[in-house]
Amino acid sequence: MQKAAKSAAKAPANWKETIERIIKMRKAKTAPVDTKSPGKLADRKEDADVANYQTLVALMLSPQTRDEATAVAMDKLKEHGLTPKSMQEIAETDLAALIHNVSFYRNKAKYIKKTTDIIADKYKGKVPDTLKSLLALPGVGKKIAHLTLQICYKKCEGIAVDTHVHRISNRLGWVKSRKPEETEAQLEKWLPKTWWEKVNVLLVGFGQEICRPIGPKCGECEALEFCPFGQENIKKPSAAERRRANKRTHSKVRGSASEPSKARSSPASDI
Ligand code: SF4
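Residues numbered from 1 in each chain as written. Predicted model: local features only at pLDDT ≥ 70, side-chain atom pairs only at ≥ 80, totals over all residues. Heavy atoms only, no water.

Details of the overall build of the protein
Each helix and strand in the protein was counted, giving 14 helices and 0 strands. Out of the 271 residues belonging to the protein, those deemed buried represent 43%. In the protein, of all internal contacts separated by at least 6 residues, the share reaching a separation of at least 24 is 61%. Approximately 15,200 Å² of the protein is accessible, and the part contributed by carbon and sulfur atoms is 55%. (Helix = DSSP H or I, 4+ residues; strand = E, 2+ residues; numbered from the N terminus. Buried < 20%, exposed > 50% of the residue type's maximum accessible area, 1.4 Å probe, protein only. Contact = heavy atoms within 4.5 Å. Areas by Shrake-Rupley, 256 points an atom, 1.4 Å probe, with all protein chains shown as cover.)

This is the structure we're talking about:
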């Protein structure tokens, strides 16, 4: 059953203008998520059940991993054969070796094996299509479950919040939260449901290119006017300015450290 949008919380001022400006920035430059997101990595020539299974595997590989690296691991898996049957047959160590370029690859191999057994045995090779049943699979959290439902079954039951959505929503002042789950709950209280699916890919690409985790490009961001974090951030010296200031401090320190020896060599110092 579709979750009803919660309307209790007041939407932050200017959220629509902010989204419009982010859309404009996203249109000006593609991001890795636009071509290599886990949702684009399944072999669509496979039958629907296998393609859905491949999408789920891609999503399970993706946490804490760049989209480009997930795509490389998926290529290796598809070359090997990526079906529930082939993943049941492969040894966990061999699977880990195939996906060793993604982070936490040993854990991910273990979870893929366990989840594959459940999909093969309990669901006859079909990825389950409810939030509850997806969340019961090992290695599948809220973000993966929401994206699986959206990509495989065109069902949107919540906002898929990853590190980009979490970070940017906090920077913009849309939420005040410490964990992605809290961000999801707070966003769903005011963001109209028509945006729930779109906001993930919008903010992920924005986070990959402009509102980066480290060194966000606030100076060139068209949403700066509406962003409390950005307003503060541009007042701080840039990394280059900090390096120049450090250099100046070090050369001053070196200069003053050399003064005693100069003094020692000065005839006047002997007095
Ligand atoms: Fe991100 Fe800076 Fe833009 Fe704010 S102003 S959304 S922190 S890039």
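Focus on the site of the ligand
Around the ligand, the neighbouring residues are Arg-171, Leu-172, Phe-206, Cys-211, Cys-218, Cys-221, Leu-224, Cys-227, Phe-229 and Gly-230. A molecule is said to occupy a pocket when more than half its atoms come within 2 Å of that pocket's grid points, and by this definition the ligand occupies the largest cavity. Broken down by class, the residue content of the shell around the ligand amounts to 8 nonpolar, 1 polar and 1 charged. (Near = heavy atom within 4 Å. 1 Å grid on protein atoms, 1.4 Å probe; cavity = no way out; pocket = protein on both sides within 12 Å on 5 of 7 lines; lining within 4 Å. Sits in = over half its atoms within 2 Å of the grid points. Nonpolar A, V, L, I, M, F, W, Y, C, P; charged D, E, K, R; others polar.)

Some thoughts on the environment of Lys-142
Tracing the sequence through the fold places Lys-142 in helix 9 (residues 142–153). Residue class for Lys-142 comes out partly exposed when judged on its relative accessible area of 33%. A sequence separation of 18 residues divides Lys-142 from Ala-160, and the C-alpha atoms of the two residues are 7.0 Å apart. If near-sequence neighbours (up to four positions away) are discounted, Lys-142 is found in contact with Leu-135 and Glu-184. A distance of 3.3 Å separates a polar atom in the side chain of Lys-142 from a polar atom in the side chain of Glu-184. (Polar contact = N/O pair within 3.5 Å; in protein donor to acceptor, adjacent residues only side chain to side chain.)

Some details on unusual backbone geometry
If you check the backbone angles, Phe-104 has positive phi at about 50 degrees while not being a glycine. Here Phe-104 shows up in the loop between helix 6 (92–98) and helix 7 (105–121). On the accessibility criterion, Phe-104 (54% relative accessible area) is exposed. Not every positive phi belongs to a glycine, and Lys-124 is a case in point at roughly 55 degrees.

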